[in-house]
Amino acid sequence: MNPAGGGGARMFRFRGLDGLRGWLAWMVVIDHITLFTGAQTSYGLGRLNDMGSGAVTVFIILSGFVITHLLIEKHEPYRLYIARRFLRIYPIYFLAFAAGVFTTFLMYRFFLGADGIAAHATQHVFQVPNLDHREMDFKATGAHLYEYLLLHLVMLHGVVPNNVLFDSPSMFLKSAWSLSLEWQFYLVAPLVVWAARRRWASIALALACVVLYKLSIEQRFGEFFLPSFLPAAGPYFAIGILCRLAVTRAWGAGSWVAVLILAAYWLRVRPAGEAVVLWGVFFGASLVRAGRSRARGAFERLFAALFDSRLAKHLGNPSYSTYLLHMPVLQAAMVLCVRMSAFTPGQAIAFTAASTIALTYLLSQAAYRWIELPGIRLGKRLGARLSATGDPGSNRGAAEPVRPAPASDDTPAPVRVPEA
């Protein structure tokens, strides 16, 4: 963490976040490759699924941290804030979603057959998991195609439970259920962070988080295969929010009561403990690296090499594109293997892995440069134009003038979970 002056106020820059994003994104890519090709079963790589799930949880925590930082450092009217978030995530999402629709129907054709029945599937080399689940997806898209498309286009597909619309959160673009979760968080984050910084509001917020999480795991909101509905992921976002507020003591008096409420419930249910520990280690290490401790030397160099090196940043900058684009690429590579019919199972997995990794890398770098960055710049221009026109809402409710946020704030953490 690096404090820098800005208009007489301290502005904090957190280092290593982009590098962390990059490694987490590629952990999920590897997990999905081994899961969907059947390598986890055939070669005993099931542990990769646990690693991918842990990466997901860290992404959610990181998202809470980064968005809270953005809201503290920037003081924008809500319409500008949400417009900038939309421009940040939607352009590349729309492209990946369109590709995902195409490759999903290709998978139906080559792995289920024209009638959508797994018994007639043409599987020469892959042991594709959960084909019965895919059969149900096939039937559901045939009956409710327009509902699925509309929900995905407005990024609210994660809100609908499976008992209402089957597999809505992960239909077409398997990892995009987490994008819907991210969007839900974006919509309410300004109110949540405002409440978290005030005494009685923070206590009410903590109680609401606990109650909603309990109701979600009891399936009172419906049946969800994945935690795509915001109440199910609320405690993870809360960890990121509280970590950011604690760094600069940006919470109000009495907020420790809210922290104790969340901590007590967390110790009772103890979900995703390894991922929380991983985040805690990274977050603590980032503070040590910032000079809050004299423990440097080898530890300092290791942290820099892992999370703040040129390679880590190179992989981290396009991590959102990596997260979205790898599934259509993986599906296309698997279909190509089936069509070629010339591989042994081991060769097919190796070909799929190599081609998915290579093409995902190239496409994500290109998408970051030609799609993500233009969206970020457009959002900045909107902010500058609003300030230049003297819109009275541009600083409404702000305690400080609008000032540039750290560069890492313009890259929200993608939230992804491997398939169950």
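Residues numbered from 1 in each chain as written. Predicted model: local features only at pLDDT ≥ 70, side-chain atom pairs only at ≥ 80, totals over all residues. Heavy atoms only, no water.

### Some words on the overall build of the protein
Thinking step 1. When helices and strands are counted, the protein shows 14 helices and two strands.
Thinking step 2. Scored against the burial criterion, the 420 residues of the protein give a buried share of 55%.
Thinking step 3. Considering only contacts within the protein whose residues lie at least 6 apart along the sequence, 78% involve residues at least 24 apart.
Thinking step 4. As displayed, the protein offers around 18600 Å² of accessible surface, 65% of which is attributable to carbon and sulfur atoms. (Helix = DSSP H or I, 4+ residues; strand = E, 2+ residues; numbered from the N terminus. Buried < 20%, exposed > 50% of the residue type's maximum accessible area, 1.4 Å probe, protein only. Contact = heavy atoms within 4.5 Å. Areas by Shrake-Rupley, 256 points an atom, 1.4 Å probe, with all protein chains shown as cover.)

### Regarding the pattern of salt bridges
Thinking step 1. Counted by the stated rule, this structure contains eleven salt bridges.
Thinking step 2. A salt bridge links E372 to R88, with the shortest nitrogen-to-oxygen separation between them at 2.7 Å. Here R88 lies in helix α4 (residues 78-112) and E372 lies in helix α14 (residues 345-388), a separation of 284 residues in the sequence. Taken as a pair, E372 and R88 share a single burial class, namely buried.
Thinking step 3. Here K174 makes a salt bridge to D137, at a shortest N to O gap of 3.3 Å. Residue K174 is located in the loop between α5 (131-153) and α6 (177-196), and its partner D137 is located in helix α5; the two are separated by 37 residues in the primary sequence. Each member of the pair, K174 as well as D137, carries the same accessibility label: buried.
Thinking step 4. Each of R15, D308 and K313 takes part in salt bridges that share partners, so that together they form one network. (Salt bridge = Lys/Arg side-chain N within 4 Å of Asp/Glu carboxyl O.)

### Observations regarding helix α8 (residues 230-247)
Thinking step 1. The end-to-end C-alpha separation of α8 is 25 Å, in line with the 26 Å expected for 18 residues at 1.5 Å each.
Thinking step 2. Among the 18 residues in α8, 17 count as buried, and that is most of the element.
Thinking step 3. Trailing α8 by a residue or two, R249 shows a phi angle of about 50°, which is positive. (Expected span 1.5 Å × (residues − 1).)

### Examining the side chain of E372
Thinking step 1. Judged by relative accessible area, E372 falls into the buried class, the value being 1%.
Thinking step 2. Separated by 2.7 Å, the side chains of E372 and R88 make a polar contact.
Thinking step 3. Of note is the side chain of E372, whose polar atom sits 2.3 Å from the side chain of S321.
Thinking step 4. For E372, the contacting residues outside a window of four places in its chain are R88, I92, N317, P318, Y320, S321 and A367. (Polar contact = N/O pair within 3.5 Å; in protein donor to acceptor, adjacent residues only side chain to side chain.)

### Describing the environment of I376
Thinking step 1. Among the secondary structure elements, I376 is positioned in helix α14.
Thinking step 2. Expressed as a C-alpha distance, the spacing of I376 and R84, which sit 292 residues apart in the sequence, is 7.3 Å.

### A look at the confidence of the model for the protein
Thinking step 1. Averaged over every residue, the pLDDT of the protein is 83; residues scoring 70 or more account for 83%.
Thinking step 2. By mean pLDDT, strand β1 (residues 2-6) is the weakest element of the protein at 37, and α6 is the strongest at 96.
Thinking step 3. A low-confidence stretch, residues 1-11 (pLDDT under 50), is modelled with 27 contacts involving residues beyond four sequence positions or located in other chains.
Thinking step 4. Segment residues 395-420: pLDDT under 50, and 96 contacts once partners within four positions in sequence are set aside and those in other chains are kept. (pLDDT = per-residue confidence, 0-100.)

### Observations regarding empty space enclosed by the protein
Thinking step 1. Counted under the stated rule, the structure contains three cavities of 30 Å³ or more.
Thinking step 2. There is about 120 Å³ of room inside the largest cavity.
Thinking step 3. Lining the largest cavity are F36, T104, M107, Y108, F111, L112, V128, L131, R134, K174 and Q331.
Thinking step 4. Going through the elements one at a time, α4 and α5 are the ones with two or more residues in the lining of the largest cavity. (1 Å grid on protein atoms, 1.4 Å probe; cavity = no way out; pocket = protein on both sides within 12 Å on 5 of 7 lines; lining within 4 Å. Points joined across faces, edges and corners; volume = space filled by probe spheres on them.)

### A word on the environment of F86
Thinking step 1. Looking at the secondary structure, you find F86 in helix α4.
Thinking step 2. What makes F86 partly exposed here is its relative accessible area of 32%.
Thinking step 3. Considering only alpha carbons, one finds F86 and G379, 293 residues apart in sequence, at a separation of 8.8 Å.

### Structural notes on the side chain of D308
Thinking step 1. Structurally, D308 is set in the loop between α11 (298-307) and α12 (310-316).
Thinking step 2. By relative accessible area, which is 13% here, D308 ends up buried.
Thinking step 3. At a separation of 3.5 Å, a polar atom in the side chain of D308 contacts the side chain of K313.

### As for the environment of V28
Thinking step 1. Residue position: V28 is located in helix α1 (residues 17-36).
Thinking step 2. Considering only alpha carbons, one finds V28 and G54, 26 residues apart in sequence, at a separation of 9.5 Å.

### Concerning a nonpolar patch on the surface
Thinking step 1. A cluster of nonpolar side chains, Y78, F94, L150, L153, V154, L156, V159, L187 and V188, forms an exposed patch at the surface whose accessible area comes to about 690 Å².
Thinking step 2. Residue assignment for the nonpolar patch shows that the elements contributing at least two residues are α4, α5 and α6.
Thinking step 3. Considering the arrangement of structural elements, one finds V154 in the loop between α5 and α6.
Thinking step 4. With relative accessibility at 40%, the residue V154 sits in the partly exposed group. (Patch = residues over 30% accessible without salt bridge, like charges linked within 9 Å, V, L, I, M, F, W, Y side chains within 5 Å.)

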